[in-house]
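# Fold and geometry: a report
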Amino acid sequence: MGHLITVATCSLNQWALDFKGNLARTLESIRIAKERGATLRIGPELEITGYGCADHFLEGDTYLHSWEVLGQILTSKEAEGMLLDIGMPVMHKNVKYNCRIIIQDCKILLIRPKMFMANDGNYRELRWFTPWAKQRTTEEYYLPRMIQKITGQITIPIGDAVIATHDTCIGVEMCEELFTPNSPHIGLSLDGVEIITNSSGSHHELRKLHTRVELIKEATLKSGGIYLYANQQGCDGDRLYYDGCALILVNGEVVAQGSQFSIGDVEVVTATIDLEDIRSFRSTCSRGIQAASSPSYRRIQANMALSDGRLEDNPAILPTIVKPAFYHTPEEEISLGPACWLWDYLRRSKTSGFFLPLSGGIDSCATATIVASMCRLVVKSCAKGDKQTIADARQVTGETAETGYIPTDPQEFASRIFHTCYMGTKNSSNDTRARAKELAESIGSYHVDLNMDTVVAALQALFTLVTGKTPAFRAHGGSNVENLALQNIQARLRMVIAYIFAQLLPWVRGRPGSLLVLGSANVDECLRGYFTKYDCSSADINPIGGISKSDLRRFIAYAQLAFNMPILESFLDATPTAELEPITENYVQADEVDMGMTYDELTEFGRLRKVYKCGPYSMFTKLVHLWSDKLEVSEIAVKVKRFFFYYSINRHKMTTLTPAYHAESYSPDDNRFDLRPFLYNASWSWQFEKIDRTVLVLEKEQEELKRHK
C-alpha cells in the first residue's frame, strides 16, 4: 500500500448568512482540491453560515439552513470520493455547539463540537455556543429527517473522537483550542493521530501572524504529524478582516502556505506528503513511553484510504518540499489588509464608491492611499482573469457584461469609484490645499475643492441672532469655551457636507447609487478622544481607525516608493494640525501641542492600558522604569494623569465611533472590543493621590542617592 497522500486546506471569503454564496464557495474549494488529487479537504470555521453571524447563532433558522446546505454538499458530485471536514453550528439536546462535520461519500461520520471557546477581545463565542465538556467521549446524535433521507442514517456519533481510514488517522483541533496551554493536538498525537485539522476564524492584527504560525509549527515540532490549517479570508460583515494564510505543516515545518490578504473568494492550498515521514519522526523512545500510557480516543471508521498507490506508481511525483514561512512587513499589512476589507465592503454593500474628506494631513492621506492600494489589487485580480472580481468591478461602476468593461489602470478605476473633497476655511493653509489636490491627481480620484466659510458664517450668525452673543477664537480674545465651540462648528459641518456630497455626487456625474463615506481618525486620536464628536470621524467605515499614527507614517513612507507616489513625502514632512484655529504670526495649531503628549507616547499609553491591563498607578510605575532615561518622575506622573483625565472625559465618544478596521491590540473600540464605562469620575482622586505620594517617595530616594555620590 502506498504512503504518499495529497491533502488540501483552504481560505474562503464567506459572508454571514449568505448561505447560497457560502455553499458555492465551499463546493468550488472542494472541486479544486479534488482536481489537484486531494482526498482530504478541510474548510474554515463555521464556513456554511459564515463566522460572523453573532446573535443570529441564537436563531433556529440558522441551524435549519445549515442542515439544508450540508444536504446539498452531501449529494454533490464534488464531494464524491473525498473525506471532507465542514464547519457549521449544531444543536444537540437543546444545546448549541460550534461543530465540524466529517463526511465521506454521502455519509456523516462524526460531529465534533468545539471544546474551548474564544471569548475575549473581539470574540464572544460563549454568548452563542456551549463548549463540549466530555473529553474523549461521544454520544448519539439524531439527524434531521431531511438528512436521514439523504444518508440513510438515523443517528451518528457526536463528541470528541477521531477518524480512522485504511491507512492513517485524522483528528480535529478547532481555532482557539490551538492557543490553550493543554491543546488537543498533544493527546491526539500521542494516541497515534497522524493528521490534525484546524479550522479557524482568525482575524488580522498587525504583527500577529508570526505568533499564529509559530504555535502551529510547535504543534507538530515535538509530537510530529501533519497539520492542516484553514481560515476564513475577507470581511464577514463587521470590523474584522479574516486573514487567510491557509497552512500545511509536516513535523513542524511549513510545506504549503496560502496568501494572507486577497480579494479572491476561494483559495485552495494542497501538498503531497509521505506518511512514513511522520512515523519515522515519532520513533523516539521518550515519545513511545508517553504514547503507550496515553488515553485513547474512539476511532470512527472511514471506508477509504487517503493514499491509493497511484502516486507511488509515478516516480515524477515527489513530496512537497519544505519552505520558510512568509511574512509581510507591517507596512505591507497596512497596504493590503484594509484595502481588501474596503473592497469586500464596497462590493457587498452594492454602493457606487467612496467619498473621503481630504484634509491635506497624513491621516486622510493614509486612507486615500489605502483606497489606491485597493484599486491596484482590483486591477491585478482582473488581469489574472478572476471572474468574480471583474463582475464586482462592473457592478460597482455601473457597467454591464455587454460593455466589456474590465479595469486595467488603477487611476482610471479610481476616477470612477473614488471621490475626494478638500473642505477649506479661512483657517486652512495653502499648503494643505495643494497637497490634497496633488494627492487626488496622483491617485486619480474625482476631486472637489471648496470653501465652506459661508456655511460656517451662517451658523455663527444664527447663534448670534438667537442669543445676542458672538463667540471669538482664543487668538481674537475669546475664552477656551468659545475657541473650542468655533472649532467644532467647522468640524461638524464637514461631516454634514460629506454626506450630502456622498449622496449626490454620483447623480451629478450621471451615475447610479450613492457613496460610502470614509473616516480617517487613527487609533491614537480615538484613544485620547482628540477629535470632535460627529465630525469627519463620523463616517460609514474607517480603514485606519485601528492603526497608530506611528504605523501610518511608516506606511506612507513605504507607499511613496512601492506605489511610486512622490507626493507622499510632503505629508511626512508636514506637522500634524487640525487647522481649526486662525493662523497668526505667533501661533500655528499643532496636534501634539494641543494634546499635551506625543503620538508615540499615546501608543505606549494605549498598550499599557489595554494589552498589559494597567490602571493609572500601575501604568505610572511601569513608565518610571521605561522612561527614566528621558523624563523626571514628576514629569511622568503629569503625563500619566493627563492621559487618564482626557481618556476618561472623552470616553463617551467611543460609543459613536465609526466602525473601523481592527488592526491594533489596544484599540479603544467600545462597541465590540474594549468594553468599559463611558461616564468616569475623571478626577481619579484615589489613584492620582497614590501616584503623587509615590512621586514624593521616589524623589526623596533620588535625592538621597545624589547626596551619597
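Residues numbered from 1 in each chain as written. Predicted model: local features only at pLDDT ≥ 70, side-chain atom pairs only at ≥ 80, totals over all residues. Heavy atoms only, no water.

Taking an unreviewed UniProt entry as the reference, the chain is identified by name as Glutamine-dependent NAD(+) synthetase belonging to Linnemannia hyalina. In its Catalytic activity (unreviewed entry) section, the UniProt record describing the chain reads: "deamido-NAD(+) + L-glutamine + ATP + H2O = L-glutamate + AMP + diphosphate + NAD(+) + H(+)". (UniProt positions renumbered as here; feature names shortened; annotations may be inferred.)

### Description of the overall build of the chain
In terms of helices and strands, the chain carries 25 helices and 20 strands. The C-alpha atoms of the chain give 29 Å as radius of gyration, which agrees with the globular expectation for 709 residues (27 Å, within 12%). On the principal axes, the C-alpha backbone points of the chain span a range of 90 × 80 × 50 Å. Looking at the chain as a whole, 57% of its 709 residues are labelled buried. With an accessible surface of roughly 29500 Å², the chain has 55% of that area assigned to carbon and sulfur atoms. Charge centroids of the chain, computed over 75 positive and 85 negative side chains, lie 3 Å from each other. (Helix = DSSP H or I, 4+ residues; strand = E, 2+ residues; numbered from the N terminus. Rg over C-alpha atoms; globule rule 2.2 N^0.38 Å. Buried < 20%, exposed > 50% of the residue type's maximum accessible area, 1.4 Å probe, protein only. Areas by Shrake-Rupley, 256 points an atom, 1.4 Å probe, with all protein chains shown as cover. Lys, Arg positive; Asp, Glu negative; His and termini not counted. Charge placed at Lys NZ, Arg CZ, Asp CG, Glu CD.)

### Quick word on the state of the cysteines
Tallied over the full model, the rule gives zero disulfides. In this model Cys 53 remains outside any disulfide bridge; the closest cysteine sulfur is found in Cys 235, 13 Å from its own. Take Cys 53: its relative accessible area is 2%, and that puts it in the buried class. (Disulfide = S-S within 2.5 Å.)

### Some thoughts on the UniProt feature "domain: CN hydrolase" (unreviewed entry) in the chain
The UniProt record marks residues 5-275 with the feature "domain: CN hydrolase" (unreviewed entry), using the residue numbering of this structure. Across residues 5-275, helical content stands at 25% and strand content at 34%; the span's end C-alpha atoms are separated by 7 Å.

### As for the packing of helix H22 (residues 599-611) against helix H23 (residues 616-626)
The contact between H22 and H23 brings their axes to 11 Å, and the two run at 135°. Classified by the interaxial angle, the pair formed by H22 and H23 is oblique. Note that H22 runs across H23; the crossing there is right-handed. Where H22 approaches H23, its residues Glu 604, Phe 605, Leu 608 and Arg 609 are matched on the opposing element by Met 619, Lys 622, Leu 623 and Leu 626. Classifying every residue of the contact of H22 with H23 by side-chain character gives five nonpolar, no polar and three charged. (Axes fitted to C-alpha atoms, helices over the stretch in contact; angles between N-to-C directions. Parallel < 35°, antiparallel > 145°, perpendicular 65-115°, else oblique. Left-handed = near helix turned anticlockwise from the far one by under 90°. Contact = heavy atoms within 4.5 Å. Nonpolar A, V, L, I, M, F, W, Y, C, P; charged D, E, K, R; others polar.)

### Here we look at the environment of Glu 399
Tracing the backbone through its elements, the reader meets Glu 399 in the loop between helix H13 (387-397) and helix H14 (410-417). When residues no more than four places from it in sequence are discounted, the contact partners of Glu 399 are Arg 394, Tyr 405 and Arg 416. Within polar-contact distance, the side chain of Glu 399 engages the side chain of Thr 403 at 3.1 Å. One polar contact links Glu 399 to Arg 416, side chain to side chain, over a distance of 2.8 Å. (Polar contact = N/O pair within 3.5 Å; in protein donor to acceptor, adjacent residues only side chain to side chain.)

### Let's talk about the sheet that holds strand E20 (residues 516-517)
Strand order in the open sheet made by the four strands is E19-E18-E17-E20, with parallel pairing throughout. This sheet does not close on itself; its edge strands, each paired only once, are strand E19 (446-451) and E20. Looking at chain direction, strand E18 (residues 418-424) and E19 are connected through six bridges and run parallel. Within E19, the position partnered with Thr 420 by the bridge is His 447. Contacts between helix H17 (residues 480-508) and the sheet are confined to strand E17 (354-357), E18, E19 and E20, with E19 contributing the most and set at about 135° to the helix. (Pairing = 2+ DSSP bridges.)

### Points about the pattern of salt bridges
Under the criterion given, the structure shown has 38 salt bridges. A salt bridge links Asp 344 to Arg 347, with the shortest nitrogen-to-oxygen separation between them at 3.0 Å. Residue Asp 344 and its partner Arg 347 are located together in helix H11 (residues 330-349), separated by three residues, close to a single helical turn. Taken as a pair, Asp 344 and Arg 347 share a single burial class, namely buried. (Salt bridge = Lys/Arg side-chain N within 4 Å of Asp/Glu carboxyl O.)

### Observations regarding the nonpolar core
Nonpolar side chains tend to gather and get buried jointly when the protein is soluble and globular. If you look at the biggest cluster of nonpolar residues, it comprises 58 residues, and the most contacted ones within it are Leu 342, Trp 343, Phe 354, Met 374, Phe 418 and Leu 439. When residues in this core are grouped by element, the largest group, 12 residues, is from helix H12 (residues 362-383). Setting aside chain neighbours within four positions, we find Leu 342 in contact with Phe 354, Ile 370, Val 371, Met 374, Leu 518, Ile 541 and Pro 543. Of all hydrophobic cores here, the second largest spans 36 residues; its members include Leu 23, Val 69, Met 82 and Ile 158. (Core = buried A, V, L, I, M, F, W, Y, C linked by side-chain atoms within 4.5 Å.)

### Description of the packing of aromatic side chains
Applying the stated criterion across every chain, the model contains 23 aromatic pairs. Plain terms: the ring middles of Phe 57 and Phe 129 are 4.9 Å apart, the flat faces sit at 55° to each other, and that makes the pair tilted. Taken together, the residues Phe 57 in the loop between strand E2 (40-42) and helix H2 (60-74) and Phe 129 in the loop between helix H3 (125-128) and strand E6 (138-142) connect sequence positions 72 residues apart. The two residues Phe 57 and Phe 129 agree in class, both being buried. Seen in terms of ring centroids, Trp 341 and Tyr 661 are 5.6 Å apart; in terms of plane orientation they differ by 80°. Their pairing is edge-to-face. Of this pair, Trp 341 sits in helix H11 while Tyr 661 sits in the loop between helix H24 (633-649) and helix H25 (685-708); the two residues are 320 residues apart in sequence, bridging distant segments of the chain. On the basis of relative accessible area, Trp 341 is assigned to the buried category, the value being 0%. Between Lys 610 and the ring centre of Phe 673, over which it is positioned, the NZ or CZ distance is 4.4 Å. Sitting above the plane of the Phe 531 ring, Lys 653 keeps its charged end 5.3 Å from the centroid. (Phe/Tyr/Trp six-rings, centres within 6.5 Å; stacked < 30°, edge-to-face > 60°. Lys NZ or Arg CZ within 6 Å of the ring centre and 35° of its normal.)

### Concerning unusual backbone geometry
One non-glycine residue with positive phi stands out, namely Arg 136, at about 55°. Mapping Arg 136 onto the fold places it in the loop between H3 and E6. Positive phi, normally seen in glycine, also occurs at Asn 251, with a value near 50°. As for its position among the elements, Asn 251 is in the loop between strand E13 (247-250) and strand E14 (253-257).

### A word on helix H1 (residues 19-35)
Helix length check: H1, at 17 residues, gives a terminal C-alpha distance of 24 Å against a target of 24 Å (1.5 Å per residue), a fit within 8%. Of all the residues in H1, the buried ones are Phe 19, Gly 21, Asn 22, Leu 23, Arg 25, Thr 26, Leu 27, Ser 29, Ile 30, Ile 32 and Ala 33. Lining the buried residues of H1 we find strand E1 (4-12), E2, H2, strand E3 (83-92), strand E15 (266-274) and H11. Positioned one or two residues after H1, Gly 37 has a phi angle of 90°, which is positive. (Expected span 1.5 Å × (residues − 1).)

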